[in-house]
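# Structure at a glance
Each chain, written out:
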Amino acid sequence: MGLNGTLLAVDAGNSKTDVAVLAEDGTVLGAARGGGFQPPVVGVAAAVDALAGIVGRAWEEAGGAGLPPAFAHVTACLANADLPVEEAGLQAALVARGWSRSVRVHNDTFAILRAGLDEPRGVAVVCGAGINCVGMTPDGRTARFPAIGKISGDWGGGSAMAEEALWYGARAEDGRGEPTELARALPAHFGLETMYGLIEALHLGRIPFGRRHELTPVLFRVSAAGDPVALALVHRLAEEVVALSAVALGRLGLLDEEAPVMLGGSVLAARHPQLETRIVELLGTRAPKASIGFVTAPPVLGAGLLALDEVAAAPEAAARLREHYGA
């Protein structure tokens with residue numbers, strides 16, 4: 001296979017990594033999937049080593065042999081690239097692999113944004129386990145937030161929502177807080193009768209820490225049934241989504257223009273009516289010209305589109321890539 005014009009697109013999230021080898025006309029030549037990309041846990045070198053294995057498999061599927069070649073360009077949308085200094089460090093690590101002299105590293109939220117847009121212009125809010133927001137314009141300007149948790153002013157995402165639900169449920173049961181159906185529904189999800197029993201099980205590890213995210217759908221069900229405490233939490237999440245969107249639009253000079261706000265991640269993609277209705281209402285006040293859309297396409301599509309943007313590929317290339325991923 002000739003090397004000229006071959007591109008590498010990477011979408012590496014916390015739980016899984018997708019890699020695609022592309023031609024400049026948007027044809028997917030090879031693809032592979034592997035585990036999550038977690039430099040804070042295993043270190044940058046080990047994380048990039050694991051990524052290299054996935055890239056190698058995608059290259060083999062593309063018909064290549066041996067080590068991957070020097071691609072014309074590499075776009076890598078990576079989890080845990082939350083700060084510019086982290087992006088720079090990861091970019092240096094990828095350049096050192098020799099895959100290409102042209103490497104662009106983005107936070108993985110940019111892949112979701114680009115996957116939902118026909119052109120790189122707009123804002124995306126992603127709400128899964130955590131919450132993040134990015135925006136971009138065709139001239140290369142971006143808007144973003146640190147998105148590393150409470151110390152950077154973040155609130156929201158499935159993990160935070162579950163913790164808040166537990167907090168209100170515990171206080172309702174012992175009398176420190178107002179009554180809420182969460183005090184019954186949360187322990188019932190795990191087959192327990194009381195919040196005390198749930199607290200004990202979580203504290204002693206009988207219920208693994210990672211299962212807390214299961215409580216977020218419970219919160220939404222209780223909210224939909226009319227519980228005021230649960231509903232207040234859902235509305236607070238809507239306020240966070242809109243605050244992120246409006247600030248990002250303002251930074252890009254798009255607040256008073258027609259511009260898309262794309263919503264993605266498991267919590268937002270679930271299309272909970274109370275959450276969605278509140279987001280539409282609040283965004284209509286803060287950014288009346290914005291239009292809301294939902295991203296359902298795989299993020300690796302966005303990484304591929306960003307790679308095509310970098311080499312100024314023809315519009316037909318983007319259309320071909322979207323068709324491949326059914327978007």
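The present account deals with the structure reproduced in this document. Only a predicted model underlies this, so the values are computations on that prediction, with no experimental measurement involved.

## Description of the layout of surface pockets
In this structure, the second largest pocket encloses a volume near 260 Å³. Along the walls of the second largest pocket sit Arg104, His106, Phe110, Pro120, Met136, Thr137, Pro138, Gly140, Thr142, Leu306, Asp309 and Glu310, which together make up its complete lining. Broken down by secondary-structure element, the contributors of at least two residues to the lining of the second largest pocket are strand S5 (103-107) and helix H12 (299-310). Ranked by residue count, the leading element in the lining of the second largest pocket is H12, at three residues. By residue class, the composition of the lining of the second largest pocket is five nonpolar, four polar and three charged.

## Focus on the sheet that holds strand S9 (residues 259-264)
The strand order S8-S7-S6-S9-S10 describes an open sheet built from five strands, whose pairing is mixed. Bordering the open sheet on either side are strand S8 (142-144) and strand S10 (290-294), each of which pairs with just one other strand. Strand-to-strand twist of the sheet, defined as the mean angle between neighbouring strand axes without regard to direction, takes the value 20°. With six bridges connecting them, strand S6 (residues 122-127) and strand S7 (residues 131-136) associate as antiparallel partners. What sits directly across from valine 123, in S7, is glycine 135. Along the sheet face, helix H9 (residues 228-251) touches S6, S7, S8, S9 and S10 and points at about 150° away from the line of S6.

## A look at the nonpolar core
Core analysis: the largest hydrophobic core is formed by 53 residues, its most contacted members being Leu186, Leu237 and Leu275. By residue number, the principal contributor to this core is H9, which donates 11 residues. Apart from the residues lying within four places of it in its own chain, the contact partners of leucine 186 are Ala165, Leu166, Met195, Leu198, Leu215 and Val218. Formed by 28 residues, the second largest nonpolar core is a distinct cluster that contains Ala9, Leu22, Met262 and Ala307.

## Description of empty space enclosed by the protein
Taken as a whole, this structure holds one cavity of 30 Å³ or more when the rule is applied. Of the voids in this model, the largest cavity is the one considered here, and its volume is about 30 Å³. Lining the largest cavity, in full, are Leu263, Leu268, Arg271, His272, Leu275, Glu276, Ile279 and Phe294. Top element by residues in the lining of the largest cavity is helix H11 (residues 273-286). It accounts for three residues.

## Some remarks on the pairing of strand S3 (residues 28-35)
Pairing of strand S2 (residues 16-22) with S3 involves seven bridges; the strand directions are antiparallel. Looking across to S3, one finds that leucine 22 is bridged to valine 28. Linking S2 back to S3 in an antiparallel pair, the connection comprises five residues, with glycine 26 at a positive phi of about 90°.

Thresholds applied
- Residues numbered from 1 in each chain as written.
- Predicted model: local features only at pLDDT ≥ 70, side-chain atom pairs only at ≥ 80, totals over all residues.
- Heavy atoms only, no water.
- 1 Å grid on protein atoms, 1.4 Å probe; cavity = no way out; pocket = protein on both sides within 12 Å on 5 of 7 lines; lining within 4 Å.
- Points joined across faces, edges and corners; volume = space filled by probe spheres on them.
- Helix = DSSP H or I, 4+ residues; strand = E, 2+ residues; numbered from the N terminus.
- Nonpolar A, V, L, I, M, F, W, Y, C, P; charged D, E, K, R; others polar.
- Pairing = 2+ DSSP bridges.
- Axes fitted to C-alpha atoms, helices over the stretch in contact; angles between N-to-C directions.
- Contact = heavy atoms within 4.5 Å.
- Core = buried A, V, L, I, M, F, W, Y, C linked by side-chain atoms within 4.5 Å.
- Buried < 20%, exposed > 50% of the residue type's maximum accessible area, 1.4 Å probe, protein only.

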